[in-house]
Amino acid sequence: NAGVTQTPKFQVLKTGQSMTLQCAQDMNHNSMYWYRQDPGMGLRLIYYSASEGTTDKGEVPNGYNVSRLNKREFSLRLESAAPSQTSVYFCASRGTGANTEAFFGQGTRLTVV
Amino acid sequence: AQSVTQPDIHITVSEGASLELRCNYSYGATPYLFWYVQSPGQGLQLLLKYFSGDTLVQGIKGFEAEFKRSQSSFNLRKPSVHWSDAAEYFCAVGAGSGGYNKLIFGAGTRLAVHP
């Protein structure tokens, strides 16, 4: 059972380049999330999708776009990468209900030089 | 707006000692609260959650947490820490308008365990 799969695991970009982080879940979850993790700041919510076809901004959406391609997949795009976007990115999925657990991918370590 | 505060950035305890990690939340309605653990280089794993009922909840790996509405707190405890508990711990609240789709995390507490 794969759970939440993120690709790639590591990436180095030059400033101004674009890229898309991919996330897929096989648990039939409605909600999916993208977080970034920076030292001393915990996990900050970038965007989330409560269901297929809907997306909403989180705490730090600037510089990012997302697509909920279908129920399984939720991608995060950096149109013009900046050094401030150097971070570890986590995708998560969660079932319906406020008390449900979120399941996390293994993360993508992105460095923008 | 909802938020989570973990006042302790870094805690060091001796193996076998008791542990308490603090978490305070801000949310206008009934909160749904979670504790997650992250081992180095790994994703996050759920330790326990609270959404209603008994305010003392038990989790995996011998952890427990107590919900105190009057103090807006959800502190994580363990009676005797093992070296393998060294990790980063995150408190989170499930919140959001029209429901609870957002999951907001605190900044985390990094736990070091001395032998």
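Below you will find a few notes about this structure.

1. A few points about the overall build of chain A
Secondary structure summary: chain A contains zero helices and eleven strands in total. For 113 residues, the compact-globule estimate of 2.2 N^0.38 gives 13 Å, and the C-alpha radius of gyration of chain A, at 13 Å, lies within 12% of that figure. Within chain A, the proportion of its 113 residues that are buried is 50%. Nonlocal contacts in chain A, meaning residues at least 24 apart in sequence, comprise 53% of its contacts between residues at least 6 apart. A total of about 5000 Å² of accessible surface is found on chain A, and carbon and sulfur atoms cover 49% of it. Averaging the coordinates of the 11 positive side-chain charges in chain A and doing the same for the 8 negative ones gives two points 5 Å apart.

2. Some details on the sheet that holds strand E8 (residues 74-78) of chain A
Sheets are built from strands paired through backbone hydrogen bonds, the pairs being either parallel or antiparallel. Residues and elements named next belong to chain A. In space, the four strands of this open sheet follow the order E1-E3-E8-E7, with antiparallel pairing throughout. The two strands at the open ends of the sheet, each matched to only one other strand, are strand E1 (4-7) and strand E7 (65-68). Within the sheet, the average angular offset between the axes of one strand and its neighbour, ignoring direction, is 15°. Sheet analysis places E7 next to E8, joined by four bridges and oriented antiparallel. Residue pairing in the sheet places Asn65 in a bridge with Arg77 of E8.

3. Observations regarding the interface of chain B and chain A
Taken together, the contact pairs 22 residues of chain B with 24 residues of chain A. In this assembly, chain B packs against chain A so that about 1900 Å² is buried in total across both faces, 58% of it on carbon and sulfur atoms. Applying the counting rule to chain B against chain A returns zero salt bridges. Elements supplying a minimum of two residues to the side of chain B that touches chain A: strand E5 (32-38), strand E6 (44-50), strand E10 (87-95) and strand E11 (102-105) of chain B.

About the cut-offs
- Residues numbered from 1 in each chain as written.
- Chains lettered and ligands numbered in written order.
- Predicted model: local features only at pLDDT ≥ 70, side-chain atom pairs only at ≥ 80, totals over all residues.
- Heavy atoms only, no water.
- Helix = DSSP H or I, 4+ residues; strand = E, 2+ residues; numbered from the N terminus.
- Rg over C-alpha atoms; globule rule 2.2 N^0.38 Å.
- Buried < 20%, exposed > 50% of the residue type's maximum accessible area, 1.4 Å probe, protein only.
- Contact = heavy atoms within 4.5 Å.
- Areas by Shrake-Rupley, 256 points an atom, 1.4 Å probe, with all protein chains shown as cover.
- Lys, Arg positive; Asp, Glu negative; His and termini not counted.
- Charge placed at Lys NZ, Arg CZ, Asp CG, Glu CD.
- Pairing = 2+ DSSP bridges.
- Axes fitted to C-alpha atoms, helices over the stretch in contact; angles between N-to-C directions.
- Buried area = accessible area lost by both parts, 1.4 Å probe.
- Salt bridge = Lys/Arg side-chain N within 4 Å of Asp/Glu carboxyl O.

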